[in-house]
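Each chain is listed here by its residues.
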Amino acid sequence: HNGKINIAIDGPAGAGKSTIARMVASMLSYVYVDTGAMYRAATWYLQNLGIGPEEVDKVLHSVQNLGIELMPGEDGQKVLVDGQDVTAEIRSLTVSSQVSRYAQIEGLRNWLVSLQRQMALRKGVVMDGRDIGTTVLPDAEVKVFMTATVEERARRRFKEMQDQQGITLEMIARDIAERDRLDQEREVSPLRQAEDAILLDTTHLTPREVAERIVSFSQSYGRENRNDL
Ligand code: CDP
Ligand code: CDP
């Protein structure tokens, strides 16, 4: 074995998952996989075709042939759909406000979950999302459930989107609260903390502090389980 482990990071929007997962991956020389970007990419594609969430099952066969790629870019990860760079488009409020409705569809989830499992087969992956510790990688060696208050999460996301015209803090807070609700209440792999996940409240922590804690858990896991690795 290459001595590497898998790290699963779950939690609601704006908790800091992607920022911290990226930092942890770079500190450990691991690969970062942003599963939210995959749901966003599928949503962007379906919205462009005018296919609503309730119609996805009818086109599932062709959707499953869609090439979704995550690639390292200058600032963060680039997301390609059939070769087209959609990195900026998938962060728009048009996608954000609908993605949780598409993400409820079992057929769509099964397809993305199987892609995500393949990406983690060789270990050395930091994967973030909503169902990583519970469904995608239930055997991940380190699992983290990240939270922060909804006010703090909305403030963080607003700071990032201020340059998008017409966006207010209230709009973002509403979007986040509604997605929290849909993600927690859906039937197929809802957002919840895995029993063996470490709970990390990031409300009063900097990204670096959170990343250092996770790296230190991961390293102590490696020491305690050296014989298994
Ligand atoms: O970055 P942010 O936290 O706003 O969201 P994201 O991680 O990009 O995920 C967008 C949406 O995709 C979530 O609100 C979920 O509805 C869905 N998602 C999911 O269902 N399962 C995952 N593993 C990741 C995302
Ligand atoms: O991926 P997720 O939606 O959970 O959150 P994110 O996109 O990583 O974080 C949203 C914003 O909050 C980013 O701009 C981070 O820099 C910031 N953040 C923070 O200020 N303090 C933290 N402890 C974590 C994230």
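Reading the values: rules and limits
Residues numbered from 1 in each chain as written. Chains lettered and ligands numbered in written order. Predicted model: local features only at pLDDT ≥ 70, side-chain atom pairs only at ≥ 80, totals over all residues. Near = placed C-beta within 6 Å. Helix = DSSP H or I, 4+ residues; strand = E, 2+ residues; numbered from the N terminus. Nonpolar A, V, L, I, M, F, W, Y, C, P; charged D, E, K, R; others polar. Contact = placed C-beta atoms within 7 Å. UniProt positions renumbered as here; feature names shortened; annotations may be inferred. Buried ≥ 20, exposed ≤ 12 C-beta atoms within 10 Å, placed from the backbone.

Student: With reference to specific residues and values, describe the site of ligand 1.
Tutor: Around ligand 1 sit 15 residues, and of these Ala13, Gly36, Ser100, Ala103 and Gly129 come closest. At the level of secondary structure, the elements contributing two or more residues to the shell around ligand 1 comprise α2 (35-48), α4 (93-102) and α8 (169-185). Take the shell around ligand 1: its biggest share by element is five residues, from α2. In terms of residue class, the shell around ligand 1 is built from five nonpolar, five polar and five charged.

Student: Tell me what's going on with the environment of Arg130, and back it up with residues and numbers.
Tutor: Note on placement: Arg130 falls in the loop between β6 (125-129) and α6 (132-136). Separated by 81 residues in the primary sequence, Arg130 and Ala211 place their C-alpha atoms 18 Å from one another. If we ignore the near neighbours within four places in the chain, the residues touching Arg130 are Asp10, Asp183 and Leu191.

Student: I'd like a description of the UniProt feature "domain: Cytidylate kinase" (unreviewed entry) in the protein, backed by residues and values.
Tutor: Feature annotation in UniProt places "domain: Cytidylate kinase" (unreviewed entry) on residues 7-217, given in this structure's numbering. A helix fraction of 49% and a strand fraction of 18% characterise residues 7-217, whose end C-alpha atoms lie 10 Å from each other.

Student: Give a description of the environment of Phe217 that names residues and reports values.
Tutor: Along the chain, Phe217 falls in helix α9 (residues 207-224). The class of Phe217 is partly exposed, set by 18 C-beta atoms lying within 10 Å. Expressed as a C-alpha distance, the spacing of Phe217 and Ile176, which sit 41 residues apart in the sequence, is 29 Å. Those residues in contact with Phe217 that sit more than four places away from it in its chain are Val142 and Ile198.

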